[in-house]
Amino acid sequence: MNKISIVPCSFRLLSVGYYAELIETNGRDRLLCQGRKLHAHLVTSGIARLTRIAAKLVGFYVECGKVTDAKKAFDGMPKRDISGCVVMIGACARNGYYQESLGFFGEMNKEGLKLDAFMIPSLLKASRNLLDQEFGRMIHCMVLKCSFESDAFVVSSLIDMYSKFGEVENARKVFNDLAEQDLAVFNAMISGYANNSQSDEALNLVQDMKLLGIKPDIITWNALIAGFSHMGNEEKVSEILEIMCLDGHKPDVVSWTSIISGLVHNFQNEKALDGFKQMLAHGLYPNSATITTLLPACTTLANVKHGKEIHSYSVVTGLEDHGFVRSALLDMYGKCGFISEAMILFRMTPKKTTVTFNSMIFCYANHGLSDKAVELFNQMEAKGEKLDHLTFTAILTACSHGGLTDLGQKLFLLMQNKYRIDPRLEHYACMVDLLGRAGKLVEAYEMIKAMPMEPDLFAWGALLGACRNHGNMELAKIAAERLAELEPENSGNGLLLSSLYANAGSWESVVRLKKMIKKKKLRRFPGSSWVDDKVS
DNA sequence: ATCTTGTTTC
């Protein structure tokens, strides 16, 4: 791979848009080092304080993940000019520093700087990604107040945000209110429909835009592919691929990643791996999104061989440094039983996120290393890392697997009282399992009865398992009957129930159940492990 | 200077 020499192209370093490319080919650390040298030069020559130069430095530092340095460069500006703020807010929003982006806007507001149309799209993007509906709506109000609603950039961001919130109708309203929709606005609306399982509506919009003389581009086609692929409509995807080719657009990495993503989402993991091979055969190279999409397919199939190949590729191309890729790798090794590999990846991750921690806690929990899981959970709390519902699913799983009954109960309350997370089905299932394993069958049943939603098969299954282990026939019958209702197609439940009835001498019920099983042509699948252990 | 396509943990 050719390394771009940075010093001769220092001017490019300061040019927004080239950072990503430079980082990909030079590595973040090397780029940052060169950037700092250049910054020093700019300071000594006295031009670092020029507004335009300082704005570029701000963008550069955010792109390298150094928000604090960016802020310093910004504060070095002689006067707080609006374009500097636009760069700061935009650079933060583009690089995943959403909270920082909105926080910075707040500061700017306090200082009485005027709202600028150029920063609206970035603020909407940050609200969208934080799922902060309140903030997003507030920005929308400001848009109306300042009469920015005829700005196509603003409108496409609004459409995108409302679609992400699941409010397609609101997105459509904003779309309709715009006098002249351009390509990006259409694309935003099309992808809005596609991401909300309304791909046919998205397809209609493509016809509308063609009638207006706007030609669909690769983004339009990819949005459609993503929509239909996610819905599992493989024929429609092939159809779109044909149409786009006739239209002069070749499928690119994004198209293929969307196809692979849809297949993984619809449990077609083998097909997803095939799709990846096809993509390679077309001469396209996977990027971080492709890798992150594909790794879960290897994980589900427990295909460590492919997983390791992808890992090697990621190391060679530097994609291993990507946050999403890293957590997908960690999860893959963890789920496939390679705990030490998972631990190494965890240790090697400089910027650990909630997902990183969650994956590692799940790994410990699922391998019976409860103490390690608890240790990590405590670290997370001590570091002030954001804990989410999955953090608690993971730690409660660890508690139930490790017999840490008291701790589990304590954490179940902590989750609700301190972190304001409403327990979901999986949390209740963990608690039923936890109590059940400890022999507290009545308490486990009480937990199920206290659930504000309909208990699912995992809750009843956990209770049934516990009843079997601790010999409580009455509760077992209740649990087994609920299970049979919830999951009549799973013959395992029926068979378990029938053996329970048989033991209790209720043969009439056994006959009834066996008839039901036969009628539904249910068969019992032999238990098997999918872990591919033929890998060294 | 700002916008629209694909992305990890249940």
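Residues numbered from 1 in each chain as written. Chains lettered and ligands numbered in written order. Predicted model: local features only at pLDDT ≥ 70, side-chain atom pairs only at ≥ 80, totals over all residues. Heavy atoms only, no water.

Undergrad: Just checking my understanding: could you explain helix α16 (residues 253–265) for this structure?
TA: Taking 1.5 Å per residue as the helical rise, α16 with its 13 residues ought to reach 18 Å, and the 18 Å between its terminal C-alpha atoms agrees with that figure. For α16, the tally of buried residues reaches ten of 13 residues, placing the bulk of the element in the interior. If you check which residues of α16 are buried, you get Val 253, Ser 255, Trp 256, Thr 257, Ser 258, Ile 259, Ile 260, Gly 262, Leu 263 and Val 264. Contacts from the buried residues of α16 go to α14 (218–230), α15 (234–246), α17 (269–281) and α18 (288–301). Looking at where α16 begins, the residue whose side-chain oxygen comes 3.1 Å from the main-chain nitrogen of Val 254 is Asp 252. Phe 267 sits one or two residues past α16 and shows a positive phi near 60 degrees. (Helix = DSSP H or I, 4+ residues; strand = E, 2+ residues; numbered from the N terminus. Expected span 1.5 Å × (residues − 1). Buried < 20%, exposed > 50% of the residue type's maximum accessible area, 1.4 Å probe, protein only. Contact = heavy atoms within 4.5 Å. Polar contact = N/O pair within 3.5 Å; in protein donor to acceptor, adjacent residues only side chain to side chain.)

Undergrad: Help me understand the state of the cysteines, please; the structure alone is not making it clear to me.
TA: Two cysteines joined by a covalent bond between their sulfur atoms form a disulfide. Evaluation of the coordinates by the stated rule reveals zero disulfides. Cysteine Cys 298 is unpaired, with the sulfur of Cys 336 as its nearest cysteine sulfur at 8.2 Å. (Disulfide = S-S within 2.5 Å.)

Undergrad: Before we go on, may I ask you to explain the packing of aromatic side chains in this structure?
TA: Within a pair of aromatic rings, the relevant descriptors are the distance that separates the centres and the angle that separates the planes. The full count for this structure, using the stated rule, is eleven aromatic pairs. Both rings, one in Tyr 333 and one in Phe 338, keep their centres 6.2 Å apart while their planes meet at 70 degrees; by these two values the pair is edge-to-face. Exposure class is identical for Tyr 333 and Phe 338. Each is buried. Here the aromatic residues Phe 377, Phe 392 and Tyr 419 are joined through ring pairs into a cluster of three or more. When the ring centre of Phe 346 is taken as reference, the NZ or CZ atom of Lys 352 above it lies at 5.1 Å. (Phe/Tyr/Trp six-rings, centres within 6.5 Å; stacked < 30°, edge-to-face > 60°. Lys NZ or Arg CZ within 6 Å of the ring centre and 35° of its normal.)

Undergrad: For this particular structure, what's the right way to read the nonpolar core?
TA: Nonpolar side chains in soluble globular proteins tend to be buried together. Core analysis: the biggest nonpolar cluster contains 153 residues, and Phe 105, Met 119, Ile 159, Ile 190, Leu 224, Ile 395 and Leu 463 have the highest contact counts within it. By residue number, the principal contributor to this core is helix α4 (residues 51–63), which donates eight residues. (Core = buried A, V, L, I, M, F, W, Y, C linked by side-chain atoms within 4.5 Å.)

Undergrad: Before we go on, may I ask you to explain the environment of Ile 448 in this structure?
TA: With respect to the secondary-structure elements, Ile 448 resides in helix α27 (residues 441–449). A C-alpha to C-alpha distance of 8.0 Å links Ile 448 and Trp 460, two positions twelve residues apart in sequence. In contact with Ile 448, other than residues within four places in its own chain, are Val 432, Pro 455, Ala 459, Trp 460 and Leu 463.

Undergrad: Explain the protein's contact with DNA strand B to me, please; I cannot follow it from the model alone.
TA: In the vicinity of DNA strand B there are 40 residues, among which Asn 187, Asn 222, Asn 287, Ser 327 and Lys 335 approach most closely. Backbone atoms, meaning sugar and phosphate, make up 47% of the atoms of DNA strand B lying within 4 Å of the protein. At a separation of 3.5 Å, a phosphate oxygen of DNA strand B approaches a polar side-chain atom of Asn 195. Here a base oxygen of DNA strand B sits 3.2 Å away from a polar atom, N or O, in the side chain of Thr 292. Counted by class, the surface near DNA strand B contains 17 nonpolar, 18 polar and five charged residues. (Near = heavy atom within 4 Å. Nonpolar A, V, L, I, M, F, W, Y, C, P; charged D, E, K, R; others polar.)

Undergrad: So what exactly am I meant to see when it comes to the side chain of Ser 127 here?
TA: By the secondary structure assignment, Ser 127 is in helix α8 (residues 120–130). For Ser 127, the contacting residues outside a window of four places in its chain are Leu 102, Asp 132, Phe 135, Gly 136, Met 161 and Phe 165.

Undergrad: I tried to follow the packing of helix α28 (residues 457–470) against helix α29 (residues 473–486) on my own but got confused; where do I start?
TA: Think of two packed helices as two axes; the pair is described by the angle between the axes and how far apart they sit. In the contact formed by α28 and α29, the axes pass within 9 Å of each other and the chain directions differ by 145 degrees. Of the two elements, α28 crosses α29, and the hand of that crossing is left-handed. The segment α28 lies against α29, with Leu 457, Trp 460, Gly 461, Leu 463, Leu 464 and Cys 467 engaging Leu 475, Ala 476, Ile 478, Ala 479, Ala 480, Arg 482, Leu 483 and Leu 486. (Axes fitted to C-alpha atoms, helices over the stretch in contact; angles between N-to-C directions. Left-handed = near helix turned anticlockwise from the far one by under 90°.)

Undergrad: Honestly, the UniProt feature "repeat: PPR" (unreviewed entry) in chain A in this entry has me stumped. Any pointers?
TA: In this structure's numbering, the residues bearing the UniProt feature "repeat: PPR" (unreviewed entry) are residues 81–115, 182–216, 217–251, 252–286 and 353–387. Taken as a whole, residues 217–251 contains 74% helix and 0% strand, while its terminal C-alpha atoms sit 11 Å from one another. Split by type, residues 353–387 is 77% helix and 0% strand. Its first and last C-alpha atoms lie 10 Å apart. (UniProt positions renumbered as here; feature names shortened; annotations may be inferred.)

Undergrad: Please clarify how unusual backbone geometry should be interpreted in this entry.
TA: Most peptide bonds take the trans form, and the phi angle of most residues other than glycine is negative. The phi angle at Phe 267 is positive, at roughly 60 degrees, despite the residue not being glycine. Relative to the elements of secondary structure, Phe 267 occurs in the loop between α16 and α17. One non-glycine residue with positive phi stands out, namely Ala 302, at about 50 degrees.

Undergrad: How should the environment of Val 143 be read in this particular structure?
TA: Looking at where Val 143 falls in the secondary structure, it is placed in helix α9 (residues 133–145). Residue Val 143 is classed as buried on the basis of its relative accessible area, which comes to 0%. Those residues in contact with Val 143, other than ones at most four positions away along the chain, are Ile 120, Phe 148, Glu 149, Val 154 and Leu 158.

Undergrad: Honestly, the confidence of the model for chain A in this entry has me stumped. Any pointers?
TA: Detailed reading of the predicted model is not advised wherever pLDDT is low. Per-residue confidence for chain A gives a mean pLDDT of 87, with 85% of residues at or over 70. Across residues 1–17, confidence stays below pLDDT 50; counting only partners more than four residues off in sequence or on other chains, it has 33 contacts. Below pLDDT 50 for its whole length, residues 517–528 participates in eleven contacts with residues either more than four positions away or in separate chains. (pLDDT = per-residue confidence, 0-100.)

Undergrad: Could you clarify how one ought to interpret the pattern of salt bridges in this entry?
TA: Opposite charge on two side chains permits them to pair, given that their charged atoms come into close proximity. Per the counting criterion, the structure on display carries 13 salt bridges. In this structure, the salt-bridge partner of Asp 75 is Lys 71, at a minimum N-O distance of 3.4 Å. Placement of the pair is Asp 75 and Lys 71 together in helix α5 (residues 67–75), with a separation of four residues, close to one helical turn. Its relative accessible area of 23% is what places Lys 71 among the partly exposed residues. Arg 137 is paired through a salt bridge with Glu 167; the nearest N and O atoms lie 2.7 Å apart. With Arg 137 in helix α9 and Glu 167 in the loop between α10 (152–164) and α11 (168–177), this residue pair connects regions lying 30 residues apart in the sequence. (Salt bridge = Lys/Arg side-chain N within 4 Å of Asp/Glu carboxyl O.)

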